[in-house]
Amino acid sequence: MSEYSFVKAGKLSIKGEKDKTKKHKKKRKRETEKDSEDERIQQDTTAHGDWWSVAEFDEITGQIAIEIHPHTYVTAMDNGLFTSGTPHNDGEGPNPEEELTAVRLSETKIALKSGYNKYLAVEKNDVVAGRSDAIGPREMWEPIFENGKLALLAHNGCFLSCSEEGDMVATSKAAGENEILKIRTNASKAKKKKDDEAEMDKGNLNIAEINYVKKFQSFQDRRLRVSEKDKTELKQAREGGSLHETLLDSMD
C-alpha cells in the first residue's frame with residue numbers, strides 16, 4: 001500500500017484564501033457594527049422628537065437646541081437669562097423657547113441667537129445672558145469635540161454648564177461631567193456640498209467686508225464702520241480661515 005494511503009484527505013488549501021476569509025469576516029463585523037450604530041442613532045433621534053445629536057462642527061447651523069441634561073434643554077427667559085428647562089418625555093422635541101439659531105463665524109466658532117433675537121454672551125459674573133444685538137468676541141462660542149463628547153467653550157476660556165440653581169454659567173476651565181452636553185438639530189441630514197469658505201468670504205474683499213459689517217455691526221450715528229486694516233492683511237486672514245475674527249477685531 002502506498003504510504004500516501006494513510007494521509008487523510010482534506011480541503012485543498014490555496015495560498016491567500018485564509019487572508020481573504022479573514023477580510024470578509026472583518027468587513028461583515030464592520031457592517032454589523034455600523035448597522036447597530038445607525039439603529040442606536042435613529043432610536044435616540046426618535047426619542048427626542050426627531051432632533052438628532054450633531055457629531056461634528058459642520059452640522060452646527062440654523063435651528064438648534066442645547067441638551068444640557070438628558071431630555072432637558074437650555075431655556076431662554078424674558079429677562080435675558082437662561083435656565084435649565086423642564087425635562088421632556090420620550091418622543092418630545094424642544095419647546096420654542098429652547099430653540100436657538102447657530103450662526104457660523106469661522107471654521108471653529110459660532111454665535112448663538114435666542115428666540116428674543118439676542119446673541120448669547122458671558123457677562124462679568126460668568127452668567128450666560130442673551131442681551132446683545134450684535135456679534136463681537138464676547139458672543140463667540142467654540143464647540144469642542146473629543147472622544148465622541150461635546151462641550152461649549154466661551155470667550156472667557158470656560159465651558160458652558162448649569163449651576164446648582166439651574167442658571168447657565170461658564171465657570172470651569174476644564175470640561176467635566178457637568179460641562180458635557182449635546183447640540184441637537186432637526187435639519188435634514190441630506191449631504192450638502194461643504195464650502196471651505198462662507199459665501200460672504202468669496203470674491204472681492206471690499207464687498208465681503210461690507211456684507212459682514214452690515215450683518216453683525218451695531219450701527220452708531222447711522223454710519224457704517226468698515227475696517228481700516230490693510231487689504232493684504234485681510235486677504236491673508238481669509239486664506240488662513242480667520243477673516244471673520246480679523247474683521248471683528250477691527251470693529252472693536
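What counts as what
- Residues numbered from 1 in each chain as written.
- Predicted model: local features only at pLDDT ≥ 70, side-chain atom pairs only at ≥ 80, totals over all residues.
- Heavy atoms only, no water.
- Helix = DSSP H or I, 4+ residues; strand = E, 2+ residues; numbered from the N terminus.
- Buried < 20%, exposed > 50% of the residue type's maximum accessible area, 1.4 Å probe, protein only.
- Contact = heavy atoms within 4.5 Å.
- Areas by Shrake-Rupley, 256 points an atom, 1.4 Å probe, with all protein chains shown as cover.
- pLDDT = per-residue confidence, 0-100.
- Salt bridge = Lys/Arg side-chain N within 4 Å of Asp/Glu carboxyl O.

Here's the deal with the overall build of the chain
Move 1: From N to C terminus, the chain includes four helices and 13 strands.
Move 2: Burial analysis of the chain (252 residues in total) assigns 35% to the buried set.
Move 3: Partitioning the contacts of the chain with sequence separation of at least 6, the portion at a separation of at least 24 is 53%.
Move 4: Carbon together with sulfur atoms contributes 48% to the accessible area of the chain, which is approximately 16,200 Å² in total.

Comments concerning the confidence of the model for the chain
When pLDDT is low, close inspection of the predicted coordinates is not appropriate.
Move 1: Per-residue confidence for the chain averages 80 on the pLDDT scale, and 63% of its residues sit at or above 70.
Move 2: Of the regions scoring below 50 in pLDDT, residues 191–200 engages in ten contacts with residues more than four places distant in sequence or in other chains.

Some thoughts on the side chain of Asp44
Move 1: Position of Asp44 among the secondary structure elements: in helix α1 (residues 17–47).
Move 2: By relative accessible area, Asp44 is classed as buried at 18%.
Move 3: Residues within four places of Asp44 in sequence aside, it is in contact with Ser53, Lys182 and Arg184.

Here we look at the pattern of salt bridges
Move 1: Tallied over the entire structure, the rule returns seven salt bridges.
Move 2: For Arg104, the salt bridge identified is with Asp58, shortest N-O distance 3.9 Å. With a gap of 46 residues between them, Arg104 in strand β5 (residues 100–104) and Asp58 in the loop between β1 (52–53) and β2 (62–69) connect regions that are remote in the sequence.
Move 3: Owing to a relative accessible area of 33%, Arg104 belongs among the partly exposed residues under this scheme.
Move 4: Across the salt bridge formed by Glu139 and Arg138, the nearest N and O atoms sit 3.2 Å from each other.
Move 5: With a relative accessible area of 5%, Glu139 lands in the buried category.
Move 6: You can call Arg138 partly exposed: its relative accessible area is 36%.
Move 7: What emerges from the salt-bridge pattern is a single network uniting Asp44, Glu67 and Arg184.

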